[in-house]
Every structure is written in C-alpha cells, then in structure tokens.
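Okay, here's what each chain looks like letter by letter:
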Amino acid sequence: MVKRKGASNSEEGWNYEAKVAEIEGIIARIEAGELELEAVFEQFASAVEYLRQCESFLQQRQQQVDLLIETLSDE
C-alpha cells in the first residue's frame, strides 16, 4: 500500500486545480481564435495530456476513498 501512495505523488509540484486552470486557459485561447492552426493542435495535445493526468489523479483518490470506506466497514 505504501508504494501505491508514493506512486500517486510522483510529481510533488503537481496540482489538480492548476491543471484544470491550464486546460480552461487553453480552451479559451482556442475558442478566441488567438492561435495559429499548428499552435491549436499543440495546445489541444497539451490539454488532452492534462486531462489524462487529472483523470489518473481522480482515479487514485477514488481508490484511496474506497479503501478507507472498506476499512471503516470492516471495523
């Protein structure tokens, strides 16, 4: 279990809310037409990666919550 906990903190400076804000910023720039086509694709690829990171983060936290609930139910 310690390994799983450590794996979820693979990047110390990583912050869910900051990634969501970055995704929102990318979407706003794309929608505003501020970027050239090549930059749109680059930014879109970045947003997709950030979304994957967020999804992974949320899945890890859900596993932790499920484990805590299971531990409480066993007592």
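Residues numbered from 1 in each chain as written. Predicted model: local features only at pLDDT ≥ 70, side-chain atom pairs only at ≥ 80, totals over all residues. Heavy atoms only, no water.

A. Looking closely at the overall build of the chain. In terms of helices and strands, the chain carries 3 helices and 0 strands. Written out in order from the N terminus, the α and β elements of the chain read α-α-α. Out of the 75 residues belonging to the chain, those deemed buried represent 13%. For the chain, restricting intrachain contacts to residue pairs at least 6 apart in sequence, the fraction spanning at least 24 positions comes to 71%. Accessible surface, the chain as shown: approximately 6200 Å² in total, 55% of it carbon and sulfur. (Helix = DSSP H or I, 4+ residues; strand = E, 2+ residues; numbered from the N terminus. Buried < 20%, exposed > 50% of the residue type's maximum accessible area, 1.4 Å probe, protein only. Contact = heavy atoms within 4.5 Å. Areas by Shrake-Rupley, 256 points an atom, 1.4 Å probe, with all protein chains shown as cover.)

B. Examining the packing of aromatic side chains more closely. For the structure shown, the criterion picks out 2 aromatic pairs. An angle of 25° between the planes, with centres 5.5 Å apart, marks the rings of Tyr 16 and Phe 57 as stacked. Highlighted residues: Tyr 16 in helix 2 (residues 16-32) and Phe 57 in helix 3 (residues 37-74), separated in sequence by 41 residues. Overall, the relative accessible area of 23% leaves Tyr 16 in the partly exposed class. (Phe/Tyr/Trp six-rings, centres within 6.5 Å; stacked < 30°, edge-to-face > 60°.)

C. Expanded view of the packing of helix 2 against helix 3. Running from amino to carboxyl end, helix 2 crosses helix 3 at an angle of 155°, the nearest separation of the two axes being 9 Å. Our classification of the angle between helix 2 and helix 3 gives roughly antiparallel. The two elements helix 2 and helix 3 meet at a crossing, and its hand is left-handed. Within the contact between the two elements, helix 2 uses Tyr 16, Lys 19, Val 20, Glu 22, Ile 23, Ile 26, Arg 29 and Ile 30 and helix 3 uses Val 40, Gln 43, Phe 44, Ser 46, Ala 47, Tyr 50, Leu 51, Gln 53, Cys 54, Phe 57 and Leu 58. Partitioning the contact of helix 2 with helix 3 into residue classes produces 13 nonpolar, 3 polar and 3 charged. (Axes fitted to C-alpha atoms, helices over the stretch in contact; angles between N-to-C directions. Parallel < 35°, antiparallel > 145°, perpendicular 65-115°, else oblique. Left-handed = near helix turned anticlockwise from the far one by under 90°. Nonpolar A, V, L, I, M, F, W, Y, C, P; charged D, E, K, R; others polar.)

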